[in-house]
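Structural characterization, general
In case you want the letters, here they are:
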Amino acid sequence: MNRRFINKDALIRLVLLLFALSSLLFLFTIFVFILSEGLPLFYKAGVSSITLGMKWAPTKGYFGIFPMIVSSFMVTFGALVVGAPLALACATYLSEYAGKKTKIFLKPSLELLAGIPSVVYGFLGVVYIVPLIREYTGGSGFSILATSLVLGIMVLPTITSISFDSLMSVPAAFREGSLAMGATKWQTVYRVVLPAARSGILASFILGMGRAIGETMAVIMVAGNALKIPTSLLDPLRTLTSNIALELAYATDDHRSALFSTGVVLLVIIMSLNLLANFWVKRRVSR
Amino acid sequence: MRINPRHTDKLMSAGLSLQALFTVGILILIIAIIFIKGFPYVTAEFIFSYPEDMGRLGGVFPSIIGTIFLGLLSIAFATPLGIGTAIYLTEYTKESTLTRVIRFGVESLAGIPSIIYGLFGFIFFVIKLGLGWSLLSGTLTVAIMVLPTIIRTSEEAIKSVPKNLRTVSFSLGATKWETVTRVIIPSAAPGILTGIMLSIGRAVSETAAVIFTMGSSLRLPTSIMDSGRTMAVHFYILAREGISMEKAYATALVLVLSILVINILAYYLMHRMIARYS
Amino acid sequence: MKVRFHGLLLLLLMPLVPCCHHGVQGASGGRKTTVTVAGSTSVMPFSEKLAEHFKIERPRITVDVQGGGSSAGIQACINRTVEIGMSSRELKGDEKILRQIVICHDGIAVVVHPRNPIRDITLEQVRAVYGGKIRNWKALGWIDRNIDAVTREEGSGTRGAFEELAMRKTDIDDSTMVQDSNGSVKEVVATDPYAIGYLSLGVVDAKVRALSVGGVSPTVKNIKTGKYRMVRPFLYLTMGEPGETARLFIAYVLSKEGQGILKKEGLIPVNE
């Protein structure tokens, strides 16, 4: 074979390898910079004073983000309560009941829901949901309730899509066997298909959580951003993401480092959630 | 007393379809509200004139241009890297630790929330590299954000090109690279384009990552070192500050419409791809 | 196909051209045509207004106004990243190496919803509300309903001024809601009948009502005579002597016309 061809091909392969490695390079750079800005404060002020500290007043030396960690989890859980049942119902309907025509119409519609910018969700939340809550309860409307409602709708597409994939990959034989034994469709779905897709569905919940806990703009608009741990559904709250976005533009020195430390905590939580979800998915495959 | 399972079946079937309908209903409601409230204010003047009085009057022309530039430039950066990675992973190696590590890297990038990208872009591009709040900082940050999407969809597209096309190409004497560029990529084009369109959609609707890297200047960006606003950022500021509800709805409408168009295009291309090979 | 590809490439490279052109022009020593002004978000809308009018007088000069906050603007000015920094609070410690130009004064107004019947509040009451001691409108003479207090975020010049002038040693309570700009504070107070907030006097309009503090209403006259105490300076900062274009803009801002614009916006001009 012509020597020139071999070298050219090897060169191309090398270039493509470098392209592929670029993703790792970017990931590495992101981690390095976020950690290099955020970790020093952990050494200086102590990990527990930051992650377990109750007071956030960075210009005065208090960097406690515990209330925000709790709040982030609260609204994430709230988002799941609002969105997961609905999403699962949609996924089940799509995979088990919908005809081809409905599928072609329904699935893109759900993805379209995912395409709407988060700021639009936040805006509609402020204009419609917050005043509604304020009118019927005693608070300002900026609350866990408002945030959970908005986030719940936002994570719908994620949970639906992954649960749908999970349900679709349950072998047809499972369904056929169940129906052959005289079970109704619903019995089949409820007792055979859903349990079989259990890991994938759980993975979708966890990924939905990851999406909710990472959401920033919509949350800033409806959560009220108060620093205290909320004690009722109607109390305002501040999440880790809002904390960063609210103060980043103004922060200097230690204050800014504290925001990066918040980012580190956020990254750790989300990476853990992602790893957990992947673990569940792998379990499904190996079953 | 036991309920007849046939009744439960009918009930659940109805219940599920209702919930699915409800969800679609939410989507339609959202789009309807924005359309009804925003449409009266989306005039030619709105689209082509400059904002005045902090956005209370005038139009959104600079943000439209800013958005277009950001979308196109970030795709320009991300697409070669993305397609190259996809080609490497599918055509040039077998599954190995290296490929698994690379895939892990891609998945991880996909999982990072946008505010972290904003943090990173801010400290790295804006401050450390000294690029300031600029189109360039925004572009580079968004490019990394959409890279995983392009890699994933390109990989899917390339994988679904039938194997025999490759064998035929080789048997005709083509080299690997020629096969890739003249046979595989063109066949996978619709799928790849879908990924690109979805990424443009993502870039257009991003706010947290963009506001801290590209800034929020009302100027028309004429160079990549200029700061500017994208439609999403402009909308956020209008909405949050209560500057003008009409302009906010109008901006939202233009924003949502563009994303709708982009998504519909993406789906059309994807169906072309599926039709080609089924 | 090839033509289309190259056309797309050209389109994408277009933004790069002005960038290169820009650099060449600057290097040749010609007059710079852009001035960057960055910093306090309180000062920003007024700088924008001034920039808009300045453009009419001097079409060749572009004034680029950015936000970022007082602290960021001060830092950027010290680092020479921007020519003119904006601050809505006094300079502290090391920051004082910058050259300060007071362009006007701004009052901090305590605002409530227009439907709120309360017209006056004492400074002690403001402190108690924000300190978390008074939580119900009943204690201030209105109905039995929780007070939805809104504050600015940490690091904000406006908050810093409010803490210094109103709160003194008392901390703002943790349960207070936070918004990150004057406009968004105004928006919350304008839509929530039970809210109270503080913001730049220049931003107050018909959507909210400014309360009089200790019997003194926040008018320009009361600020000039010193009766209304919650006042802070709006500062333009430069590192050393400003460049020629920057000097032109600053001169415009301090001129009768510039000060007139600020006065119309509800700020207190310096040169009268």
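Criteria and cut-off values
Residues numbered from 1 in each chain as written. Chains lettered and ligands numbered in written order. Predicted model: local features only at pLDDT ≥ 70, side-chain atom pairs only at ≥ 80, totals over all residues. Helix = DSSP H or I, 4+ residues; strand = E, 2+ residues; numbered from the N terminus. Buried ≥ 20, exposed ≤ 12 C-beta atoms within 10 Å, placed from the backbone. Contact = placed C-beta atoms within 7 Å. Axes fitted to C-alpha atoms, helices over the stretch in contact; angles between N-to-C directions. Parallel < 35°, antiparallel > 145°, perpendicular 65-115°, else oblique. Domains from an automatic or database assignment. pLDDT = per-residue confidence, 0-100. Nonpolar A, V, L, I, M, F, W, Y, C, P; charged D, E, K, R; others polar. Pairing = 2+ DSSP bridges.

We now examine the overall build of chain C. Of the regular secondary structure elements, chain C holds 10 helices and 12 strands. Put simply, chain C has 272 residues, and 46% of those count as buried. Restricting to contacts in chain C with at least 6 residues of sequence separation, those with at least 24 account for 74%.

Time to look at the packing of helix 8 (residues 185-196) of chain A against helix 1 (residues 5-38) of chain B. The interhelical angle for the contact between helix 8 of chain A and helix 1 of chain B, taken along N-to-C directions, is 75°, at an axis separation of 7 Å. In terms of axis orientation, helix 8 of chain A runs roughly perpendicular to helix 1 of chain B. Between helix 8 of chain A, through A:Lys185, A:Trp186 and A:Gln187, and helix 1 of chain B, the contact on the second element is made entirely by B:Pro5, B:Thr8, B:Asp9, B:Met12 and B:Ser13.

This part covers the domain arrangement of chain C. Many authors give the size of an interface as the accessible area that is lost as the parts come together. According to the domain assignment, chain C consists of domain 1 (5-104 + 234-269) and domain 2 (107-231). Listed as interface residues are 14 residues of domain 1 of chain C and, on the opposing side, 15 residues of domain 2 of chain C.

Below, the discussion takes up helix 10 (residues 231-241) of chain B. Residues and elements named next belong to chain B. Within helix 10, 11 of the 11 residues are buried, leaving the element largely enclosed by the surrounding structure. Every buried residue belonging to helix 10 is among Met 231, Ala 232, Val 233, His 234, Phe 235, Tyr 236, Ile 237, Leu 238, Ala 239, Arg 240 and Glu 241, and all of these are buried. Phi turns positive one or two residues past the end of helix 10, at Gly 242, with a value near 60°.

Right, let's talk about the confidence of the model for chain B for a bit. Across chain B, pLDDT averages 86, with 97% of residues at or above 70. Strand 2 (residues 57-58) of chain B is the least confidently modelled element of chain B, averaging 75 in pLDDT, while helix 6 (residues 135-159) of chain B averages 92, the highest of any element.

Now for the domain arrangement of chain B. Residues and elements named next belong to chain B. The domains assigned to chain B are domain 1 (5-41) and domain 2 (44-277). Measuring from the centre of the C-alpha atoms in domain 1 to the corresponding centre in domain 2 gives 30 Å. Its residues assigned to classes, the side of domain 1 that touches domain 2 shows five nonpolar, one polar and one charged.

Contacts between the two partners involve 61 residues from chain A, matched on the other side by 63 residues from chain B. Considering every element that reaches the side of chain A that touches chain B, the biggest residue donor is helix 1 (residues 3-45) of chain A, with 17 residues. Class assignment for the residues of the side of chain A that touches chain B results in 42 nonpolar, 14 polar and five charged.

All right, on to the environment of C:Glu52 then. Turning to its location among the elements, C:Glu52 is positioned in helix 3 (residues 44-57). Residues C:Glu52 and C:Thr62, spaced 10 residues apart in sequence, show a C-alpha to C-alpha distance of 9.2 Å.

Quick look at the pairing of strand 3 (residues 84-87) of chain C now. Residues and elements named next belong to chain C. On strand 3, burial covers both faces: Ile 84 and Met 86 on one face and Gly 85 and Ser 87 on the other are all buried. The pairing of strand 1 (residues 34-39) with strand 3 spans three bridges and is classified as parallel. Looking at strand 3, one finds that Ala 38 is bridged to Gly 85. Two elements, strand 3 and strand 11 (residues 231-238), share three bridges in a ladder whose sense is antiparallel. Bridge pairing in strand 11 links Ser 87 to Leu 235.

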